[in-house]
Every structure is written in C-alpha cells, then in structure tokens.
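The lines below spell out each chain.
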Amino acid sequence: MQIITVKNYNELSTTAGRIIADLVNSKPRCTLGLATGSTPQGTYQYLVERYRAGEISFKEVQTFNLDEYCGLPRSHPESYFRFMHDNLFSHIDIQPENRHIPCAEGGDLQSQCDAYNTLLRQATVDLQLLGIGSNGHIGFCEPGTPFDRETFLTQLAEETRRDNQRFFDSLDEVPATAITMGISNILQARSILLIASGKAKAECIGKMVNGPVTEAVPASALQRHPDVTVIVDEDAAALL
C-alpha cells in the first residue's frame, strides 16, 4: 500500500480528487467505483468544481456504486441513490445510462444482487474509491464477510447502524440491511483509493495497514491487492 498522510480533511479531499480527475482526463472512458458517506463528499465537491471550471468531463465515464440501503425508496433523502445525485451526478455531465447503483427496491432482493453482479462482471473498474467503517468494513462488507463474496444482501452491524444514526432522526430509522459489492468485487478493480479522516478511524486504519489479513477486519483484504493508495489525515494516521 502507498500511504499518503495529509494535514486535514480539505487536503485529503483535494488529493483524492486530483487522483480521480487525472485518471478521467487521461482515460475519458474509464470506469469508476464510487463510495458514499461523509468522507467522499469533499472529493466529489472538488470534482464538481473542476467540471464547472471546464477542466474535466464525465461524458464517457461509467460508474458503479458500492452499496445501497434496503428499505428506503430511491427518493428518500438518505438513500445512496439520492446521495450520489445530490453530491455529484446532478452537477456533472455524466450520462444517466452510465451510472450504476444497486437497486434495493422491489420484492426479490437476491435477484437485484445477481443483476448487479452480472453488470460488474461485464465491466472492469479502473479505480475504486473506498471509505472505511470504524469496525473495518469496506462497502457494507461487515466483519466476518468471506473475502470471496460477491454482491450480496448483508445485515448491517449495530456499530455501523450507530455510526450512521447521525444521518437519521433515530436509530430505529437506520436500515438494518443493504445490498453491497462483495470484497471479491472490490479486489477486481485495477486500482483502489481509500480515504479516511478523523480520530475515530485511526484504529481501523492501523489494523488495515499493519494488522493480519483477517475477515475480522474486512479492509485488511486490501493488503492482497497490488495497487492500493490510502490517503489519511493526521488524526486518522495516528496509529500508523
């Protein structure tokens, strides 16, 4: 892993955004794997600013998102479909048919997982953007997820639900399940870019980078990938 330590969240967002922008400019028809949550918001803001300045185009870019909550309609303010629209897609020139997010609406969620996995098998992700959960999850692959797992329906850990409660009015409103890419899907990307900010991420970053490769820390699987860049601010890097 290449570890890049920056001073603060703003520098983290700019550094990650530049890596993505450089890829898009050098390979206009690239495929990006995208993440949601509070950490990537600054990165997406940077990309929007570059687009508005006429320095980048997403017209030929294809994207695949990591995950989506079950039990929320796509119109819900906290759905990841809505998150991507509000934070990135509605502000750039990406084509609607090139944006892929797991669909967790409808009755047969396993069929939705299978359909998304089929799309992923037909694509090659050039760069996968990741955050990391305080328990070491990537995507919504919680501790104990087998490394060979592909897109699946997952039960969210209570720690994850508590971490995400800040986006909802109460813990009861936080979904208990989600559709997520599996670790196997994530590791298929040509390159991986993981970003983390804040003291709350220091322990899981330390385990990911320096600990054993174990299903108890899903992000430790990234040690097996040949091209991983980790960008952390000083707080998140505290235990490295």
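These lines cover the structure that appears in this document, whether it is placed above or below. (Residues numbered from 1 in each chain as written. Predicted model: local features only at pLDDT ≥ 70, side-chain atom pairs only at ≥ 80, totals over all residues. Heavy atoms only, no water.)

### Points about the environment of Val-230
- Summarising the element assignment, Val-230 is placed in strand β10 (residues 228-233).
- Placed 38 residues apart in sequence, Val-230 and Ile-192 show a C-alpha to C-alpha distance of 8.3 Å.
- Those residues in contact with Val-230, other than ones at most four positions away along the chain, are Met-1, Gln-2, Ile-3, Ile-4, Leu-194 and Met-208. (Helix = DSSP H or I, 4+ residues; strand = E, 2+ residues; numbered from the N terminus. Contact = heavy atoms within 4.5 Å.)

### A short note on the sheet that holds strand β1 (residues 2-6)
- Ordered in space as β1-β10-β9-β6-β2-β3-β5, the seven strands form an open sheet in which the pairing is parallel. The open sheet has two edge strands with one neighbour each: β1 and β5 (99-100).
- The pairing of strand β9 (residues 191-196) with β10 spans five bridges and is classified as parallel. The residue bridging Ala-196 from the neighbouring strand is Val-232, located in β10.
- Contacts from helix α7 (residues 202-210) reach β1, β9 and β10 within the one sheet, and its direction differs from that of β9 by about 150°. (Pairing = 2+ DSSP bridges. Axes fitted to C-alpha atoms, helices over the stretch in contact; angles between N-to-C directions.)

### Regarding the pairing of β10
- β10 sits mainly inside the fold: six of its six residues count as buried.
- Residues Val-228, Val-230 and Val-232 point to one face of β10 and Thr-229, Ile-231 and Asp-233 to the other, with burial holding for every one of them.
- When β1 meets β10, the two strands line up parallel, connected through five bridges. Paired with Val-6 across the two strands is Asp-233, which belongs to β10.
- Of the crossover connections in this fold, the one passing from β9 over α7 to the parallel β10 is right-handed. (Buried < 20%, exposed > 50% of the residue type's maximum accessible area, 1.4 Å probe, protein only. Right-handed = clockwise from strand over helix to strand, strands pointing away.)

### So, the nonpolar core
- Judged by nonpolar contacts, the single largest core of 69 residues is most densely connected at Leu-32, Leu-47, Leu-88, Leu-194, Met-208 and Leu-222.
- Considering each element in turn, this core owes the most residues, six residues, to helix α1 (residues 9-26).
- In terms of nonpolar packing, the next biggest core, distinct from the first, is built from five residues, Cys-70, Leu-109, Cys-113 and Ile-179 among them. (Core = buried A, V, L, I, M, F, W, Y, C linked by side-chain atoms within 4.5 Å.)

### Overview of the layout of surface pockets
- Estimates place the volume of the largest pocket at around 630 Å³.
- Around the largest pocket, the lining is made up of 35 residues, and of these Thr-36, Gly-37, Ser-38, Asn-164 and Arg-166 lie nearest the centre.
- Elements that contribute at least two residues to the lining of the largest pocket include exactly β4 (67-69), α3 (80-87) and α5 (158-164).
- Partitioning the lining of the largest pocket into residue classes produces 12 nonpolar, 16 polar and seven charged. (1 Å grid on protein atoms, 1.4 Å probe; cavity = no way out; pocket = protein on both sides within 12 Å on 5 of 7 lines; lining within 4 Å. Points joined across faces, edges and corners; volume = space filled by probe spheres on them. Nonpolar A, V, L, I, M, F, W, Y, C, P; charged D, E, K, R; others polar.)

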